[in-house]
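Survey of secondary and tertiary structure
In case you want the letters, here they are:
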Amino acid sequence: MATSLRRTLVQFTFMQLFSTTAYFSGCKFTLSQPINLYRKFAADYIFNGYQLLAPQQTIITDDKGCIVDIMPVQDAGDEIQQLDGLICPGFINTHCHIELSHLKGSIPEGGGLVNFVQQVMAQRKATEEVVQQAIADAAAEMYQSGIVAVGDICNTANSIFHKENSPIYWHNFIEVSGFVDGAAVKRLAEMEHVYRQFKKMDEQRLTSDNRQTKAEHSPTVYSPHSPYSVSKKLFQLINEQTAGQLISIHNQECVAENELYQLKTGGFLALYKNFGIDISGFENTGLTSLQSWMPYFTHQQPIILVHNTFTSQADIAFTREYSQSQKNSAAIYHCLCINANLYIEQQAPPINLLRANNCAILIGTDSYASNKQLNMLEEIKSIQRATNNNIPLQEVLGWATINGAKALQVKHVFGSFEKGKQPGIVHINHIEDMQLSAQSTAKRII
Ligand SMILES: [Zn+2]
């Protein structure tokens, strides 16, 4: 497809995006109009990233959304925008694959992970036009529903065209896979050209005058896909490439993954056979998958464990030991993608087990291959449903805001209402007694 047409299609979505933003923010200024330097917001509830504020508070920002002050309504003067429901900082979506957005609705629900992986591999191909438009549409949806930063898994450079000028902050995990040791060096080398393209984009963003947030950096780092798709040798190569850097991995998404490592049996054997992958060199460890691969990381990497649907108490204890064994106690994060788990495996992750262990919990939408929307509030609603509304809403909002900002190492900009930050402001409606309702929606207002 011609670049100009591709650009037009994507720009169209950008225009839609910004006209909506302008509508919410009222920021269509011309030189002849007076410019209001401050914007003021009050709501029934204000969650600041850590806790609910006392009633009758006002968030004051400059025209770029930087938090200038938080003060009682009676001291904040006039022109306060009063909102029903709740306002909170912008959401941090810590697990997504924006490049798979064209797979929306194409994979049937409930087929299990092994079947799902085969279908994604078979259906990845689409025209560039379709792929680019789907990326632009999905990113616009995320922006409008309050997402300000994304931990995004990249197998290709397809999303660079969009990310170059995106108003969202992207942390790009360049995903490496290959389950045969003999091909490990080659598989890493194959991803190097993708890695370099993202690095180049990051350098260009750093020097651009068009930066839209205070988060100047758009990091790029290698990450392993999953325990069932990365060999021991490849894990070790990724370990050497990622010293001290945040990595992300799909973890214990299905029973078969543990079975593979414990017994060298289960559903993945058929998948390897279908794709002609010779696993005769794979030796099972007798341990769960997590306890098998985590020791390969030895360079203080903070790790985002994604899914954790079949993670046990013993696995969580193991992650603690890993963390403590690393210099500076490398942080371990548990990212929930509940709607993807329900879509693929029809099983919710062990949310209360993670809470009982004081795990640092995050929320991700995963991709359109396994979700009907890329919407953090819909993830929060599903978490609430799966736990019978027993978790205080402010706790789950903390997972979606400050915890995500800490994990992606952008808490100096995002995740909470604190002076000097530029976290975005999200408005959630239809809230009663600090409970979401089925009608609740989230919209970014700044
Ligand atoms: Zn994923």
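Since this is a predicted model, take the numbers as computed values, not measurements. (Residues numbered from 1 in each chain as written. Predicted model: local features only at pLDDT ≥ 70, side-chain atom pairs only at ≥ 80, totals over all residues. Heavy atoms only, no water.)

1. A short note on helix H6 (residues 232-241)
Listing the buried residues of H6 in full gives Leu234, Phe235, Ile238 and Asn239. All buried residues of H6 project into a common sector of 145° when viewed along the axis, lining one side. Elements in contact with the buried residues of H6: strand E7 (169-176), helix H5 (184-207), strand E8 (220-224), strand E9 (247-251), helix H7 (255-263) and helix H9 (289-293). (Buried < 20%, exposed > 50% of the residue type's maximum accessible area, 1.4 Å probe, protein only. Helix = DSSP H or I, 4+ residues; strand = E, 2+ residues; numbered from the N terminus. Arc of directions from axis to C-beta. Contact = heavy atoms within 4.5 Å.)

2. A word on the sheet that holds E7
An order of E5-E6-E7-E8 is seen for the four strands of this open sheet, with the pairing classed as parallel. One side of each edge strand has no neighbouring strand; the edge strands of this open sheet are strand E5 (91-96) and E8. Taken pair by pair, the neighbouring strands of this sheet meet at an average axis angle of 20°, ignoring direction. Taken together, the four bridges between E5 and strand E6 (residues 147-154) define a ladder with parallel strand orientation. Note on E6: the bridge partner recorded for Asn93 is Val150. Docked against the sheet, H5 engages E6, E7 and E8, running at close to 165° with respect to E7. Packing of H6 onto the sheet brings it into contact with E7 and E8, and relative to E8 it is tilted by some 160°. (Pairing = 2+ DSSP bridges. Axes fitted to C-alpha atoms, helices over the stretch in contact; angles between N-to-C directions.)

3. Let's talk about the packing of aromatic side chains
Tallied over the entire structure, the rule returns eleven aromatic pairs. Each ring, one from Tyr195 and one from Tyr222, has its centre 4.3 Å from the other, and the planes form 10°; the classification is stacked. Of the two residues, Tyr195 is situated in helix H5 and Tyr222 in strand E8; the sequence distance between them amounts to 27 residues. Judged by its relative accessible area of 17%, Tyr195 is buried. (Phe/Tyr/Trp six-rings, centres within 6.5 Å; stacked < 30°, edge-to-face > 60°.)

4. Looking at the nonpolar core
With 72 residues, the main nonpolar core has Phe268, Trp293, Met294, Ile303, Ile304 and Phe414 as its most contacted residues. The biggest single contributor to this core is H5, with seven residues. Setting aside residues no more than four positions away along its own chain, Phe268 makes contact with Leu113, Val114, Tyr228, Cys254, Ala256 and Glu257. The next biggest cluster of nonpolar side chains, apart from the first, holds 42 residues, and it includes Ile147, Ile338, Trp399 and Met434. (Core = buried A, V, L, I, M, F, W, Y, C linked by side-chain atoms within 4.5 Å.)

5. Structural notes on the side chain of Asp366
If you trace the backbone, Asp366 turns up in the loop between strand E12 (360-363) and helix H13 (376-386). The buried category is assigned to Asp366, whose relative accessible area is 5%. Polar contacts involving the side chain of Asp366 include one to the side chain of His97, which spans 3.2 Å. (Polar contact = N/O pair within 3.5 Å; in protein donor to acceptor, adjacent residues only side chain to side chain.)

6. Thoughts on a nonpolar patch on the surface
Nonpolar side chains collect at one region of the surface, where Leu37, Tyr38 and Val68 lie side by side and expose about 270 Å² of accessible area between them. As for its placement among the helices and strands, Leu37 is situated in the loop between helix H1 (3-25) and strand E1 (38-46). Classification of Leu37 by relative accessible area gives exposed; the value is 51%. (Patch = residues over 30% accessible without salt bridge, like charges linked within 9 Å, V, L, I, M, F, W, Y side chains within 5 Å. Areas by Shrake-Rupley, 256 points an atom, 1.4 Å probe, with all protein chains shown as cover. Salt bridge = Lys/Arg side-chain N within 4 Å of Asp/Glu carboxyl O.)

7. Describing the environment of Ala138
Within the secondary structure layout, Ala138 lies in helix H3 (residues 128-144). Along the backbone, Ala138 and His102 are 36 residues apart, and their C-alpha atoms lie at a distance of 9.1 Å. Beyond its immediate chain neighbours, meaning those up to four positions away, Ala138 contacts Ile98, Ser101, Tyr368 and Leu374.

8. Examining the coordination of the zinc ion
Taken together, His95 (NE2), His97 (NE2), His250 (NE2) and Asp366 (OD) make up the protein donors of the zinc ion, found 2.1 to 2.6 Å from the metal. Every donor counted, the four donor atoms about the zinc ion form angles of 84 to 171° at the centre, which fits irregular coordination. Each donor residue of the zinc ion belongs to the same chain, and together they define the spacing H-x1-H-x152-H-x115-D. Here His95, found in strand E5, pairs with Asp366, found in the loop between E12 and H13; they are 271 residues apart in sequence, far enough to count as distant. With relative accessibility at 0%, the residue His95 sits in the buried group. (Donors = N, O, S within 2.8 Å, 3.2 Å for Na, K, Ca; no water. Tetrahedral: all angles 85-135°; square planar, octahedral: opposite > 155°, others 65-115°.)

9. Some remarks on the packing of H13 against helix H14 (residues 393-407)
The contact between H13 and H14 brings their axes to 11 Å, and the two run at 135°. With respect to H14, the element H13 is oriented oblique. Crossing of H13 against H14: the hand is right-handed. Residues Met376, Ile380, Ile383 and Gln384 of H13 form the contact with H14, whose participating residues are Leu393, Val396, Leu397, Trp399 and Ala400. The residue inventory of the contact of H13 with H14, partitioned by class, reads eight nonpolar, one polar and no charged. (Parallel < 35°, antiparallel > 145°, perpendicular 65-115°, else oblique. Left-handed = near helix turned anticlockwise from the far one by under 90°. Nonpolar A, V, L, I, M, F, W, Y, C, P; charged D, E, K, R; others polar.)

By themselves, these are just geometric observations and shouldn't be taken as functional.
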